[in-house]
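Single-letter residue listing:
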Amino acid sequence: MDLLKEEFIREFIDITNEGYQKGWHERNGGNASYRIKPEEIEHIKPYLTYDKPYDKIGVSVPNLKGEYFLITGSGKYFRKIKNKPDENLAIIEIDSSGQNYRLVWGLTKGGRPTSELPTHLMNHSVKKDRTHNSHRVIYHCHPANVIALTFVLPLEDAVFTRELWEMATECPVVFPDGIGVVDWMVPGGRDIALSTSKLMEKYNVAIWAHHGIFCSGEDFDETFGLVETVEKSAEILVKVLSMVNEKRQTITPENLRDLAKDFQVSLPEEFLQ
Ligand code: 2HA
Ligand code: ZN
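Basis of the calculations
- Throughout this document, residue positions are counted from 1 along each chain, in the order its sequence is written.
- Starting at A for chains and at 1 for ligands, labels are handed out in the order in which the entities are written.
- Where totals are concerned, whole chains, interfaces and linings use all residues; where local detail is concerned, this predicted model gives features only for residues with pLDDT of at least 70, and gives and counts side-chain atom pairs only at 80 or more.
- The basis for the side-chain values is all heavy atoms of the structure; hydrogens and waters are excluded.
- One speaks of a salt bridge when a side-chain nitrogen belonging to Lys or Arg is within 4 Å of a carboxyl oxygen belonging to Asp or Glu.
- Each residue's exposure class comes from its accessible area (1.4 Å probe, protein chains only) as a fraction of the maximum for that residue type: buried when under 20%, exposed when over 50%, partly exposed otherwise.
- Helical segments are the DSSP runs of H or I of at least four residues, strand segments are the runs of E of at least two, and each set is numbered from the N terminus.
- Pairing between strands requires that DSSP locate at least two bridges from one strand to the other.
- Here, the term nonpolar core denotes a set of buried Ala, Val, Leu, Ile, Met, Phe, Trp, Tyr and Cys residues that are joined through side-chain atoms within 4.5 Å.
- In what follows, residue pairs with any heavy atoms lying within 4.5 Å of each other are defined as contacts.
- Orientation is described by axes fitted as lines to C-alpha atoms, over the contacting stretch for helices, and by angles from 0 to 180 degrees between their N-to-C directions.
- For Na, K and Ca the donor cut-off is 3.2 Å, while for other metals it is 2.8 Å, and in both cases only N, O and S atoms qualify; water is not among them, so sites may look incomplete.
- Think of a patch as exposed residues, more than 30% relative accessible area, with no salt bridge, where like charges cluster within 9 Å and nonpolar side chains (Val, Leu, Ile, Met, Phe, Trp, Tyr) cluster within 5 Å.
- Residue burial considers only the protein chains on display, and all accessible areas are found by Shrake-Rupley using a 1.4 Å probe.
- For this count, His and the chain ends are skipped, Lys and Arg are scored as positive, and Asp and Glu as negative.
- Note on charges: their place is set at NZ of Lys, CZ of Arg, CG of Asp or CD of Glu.

1. Side note on the pattern of salt bridges
One pass over the structure, following the stated rule, counts 16 salt bridges. Where Asp51 meets Lys52, a salt bridge forms, and the shortest distance between an N and an O atom there is 3.6 Å. On the accessibility criterion, Lys52 (35% relative accessible area) is partly exposed. With a closest N to O distance of 3.1 Å, Glu87 and Lys109 form a salt bridge. Placement of the pair is Glu87 in helix α4 (residues 85–88) and Lys109 in the loop between β5 (100–106) and α5 (117–130), with a sequence separation of 22 residues.

2. Considering the pairing of strand β3 (residues 68–72)
Among the five residues in β3, five count as buried, and that is most of the element. The alternating pattern of β3 places Tyr68, Leu70 and Thr72 and Phe69 and Ile71 on opposite faces, both of which are buried. Where strand β1 (residues 31–35) lies against β3, three bridges are found, and the strand directions are antiparallel. Within β3, the residue paired with Arg35 across the bridge is Phe69. Judged from the five bridges that link them, β3 and strand β4 (residues 89–94) form a sheet pairing that is antiparallel. Pairing of Tyr68 across the sheet is with Glu93, part of β4.

3. A word on the nonpolar core
With 65 residues, the main nonpolar core has Leu70, Ile91, Tyr139, Leu164, Phe175, Ile213 and Val230 as its most contacted residues. Top contributing element to this core by residue count: helix α10 (residues 220–243), with eight residues. With residues up to four places along the chain from it excluded, the contact list for Val230 reads Val146, Leu164, Phe175, Ile179, Val205 and Ile213. Membership of the second largest hydrophobic core comes to 16 residues, among which are Ile57, Val59, Ile71 and Leu117.

4. As for the sheet that holds β5
Pairing within the open sheet is mixed, and its nine strands lie in the order β2-β5-β4-β3-β1-β6-β9-β8-β7. Of all strands in the sheet, those bounded by a partner on one side alone are β2 (55–56) and β7 (180–182). With four bridges joining them, β1 and strand β6 (residues 137–141) adopt antiparallel strand pairing. Across the sheet, the residue bridging to Ser33 is Ile138, located in β6. Packed on one face of the sheet, α10 meets β1, β6, β8 (205–208) and β9 (212–217) and runs near 145° to β9.

5. What about the coordination of the zinc ion (ligand 2)?
Within the protein, the atoms that donate to the zinc ion (ligand 2) are His140 (NE2), His142 (NE2) and His211 (NE2), at distances of 2.0 to 2.1 Å. Counting gaps between the donor residues of the zinc ion (ligand 2) yields the pattern H-x1-H-x68-H. Within this pair, whereas His142 is found in the loop between β6 and α6 (144–149), its partner His211 is found in the loop between β8 and β9, the two being separated by 69 residues in sequence. Judged by its relative accessible area of 15%, His142 falls in the buried class. Given the relative accessible area of 17%, His211 is considered buried.

6. Observations regarding a nonpolar patch on the surface
A surface patch of nonpolar side chains, amounting to about 310 Å² of accessible area, comprises Phe151, Val152 and Leu241. Following the sequence through the fold, Val152 ends up in the loop between α6 and α7 (157–166). You can call Val152 exposed: its relative accessible area is 58%.

7. Quick word on unusual backbone geometry
Even without being a glycine, Leu107 presents a positive backbone phi close to 45°. Inspection of the secondary structure assignment puts Leu107 in the loop between β5 and α5. One non-glycine residue, His210, lies in the positive phi region at around 60°. Note on placement: His210 falls in the loop between β8 and β9. Taking the relative accessible area as the measure of exposure, His210 reaches 33% and is therefore partly exposed.

8. Focus on a negative patch on the surface
A contiguous patch of negative charge on the surface is contributed by Asp14, Glu18, Glu218, Asp219, Asp221 and Glu222. Among the secondary structure elements, those contributing two or more residues to the negative patch are α1 (7–21) and α10. Asp14 sits in the partly exposed class, given a relative accessible area of 49%.

Below is the structure:
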């Protein structure tokens, strides 16, 4: 058996590579993590080693005790993952207190899990709870159009949600709960992790002003597809705002309500005012 042939690892490598091709991961930008299923861990157990010391996560995630994550390395380049996954990716195990983690596979040339480990694990903690164990993927990247909008739109959940819903008919169906926005903050620490995970209680998308986006989903396709959809919508809005001051016509609140009915999603009224 070859660990790198496992489906969850192949899919992880696939989306990180596609994300790089899309220009979302300049240099060492962005990071991703996957909460590995127990049966997948059983299957790869022979490849894991338990001789590394525990390190502090920096936040407390008791409901993730004993969980394993596949995660990108700090300072590692997405561009390099495809050819050298074992140098650039890690599998970590969370201890029984939910405060520490240890490396059990990967980062063969040294290193640590992503600098955004606190945000990834806080988001996983919230999502595991809120989605009854179904969400497993957290993906962070730096897509240019989403970032551009954080310089011109008010940094409000309702404004981002409504503007991005209006830019393509599929958007309200793909992210019916809306989008959360975090004001500019220093990345990589506990404070931004707390602010982001608070938004993840409500949304599957959190935008970091002047930095990038975090998305959560059940699997790789859904989560990556969510980033694609939001960034495409942001690209359309950037084009529209570049052409005119005001839209001549748009998808109206009434249109959105009709859409919600037919597609059986519920759109919060707070975003339809
Ligand atoms: O460089 O994207 O947010 C990695 C990051 C930090
Ligand atoms: Zn980033």
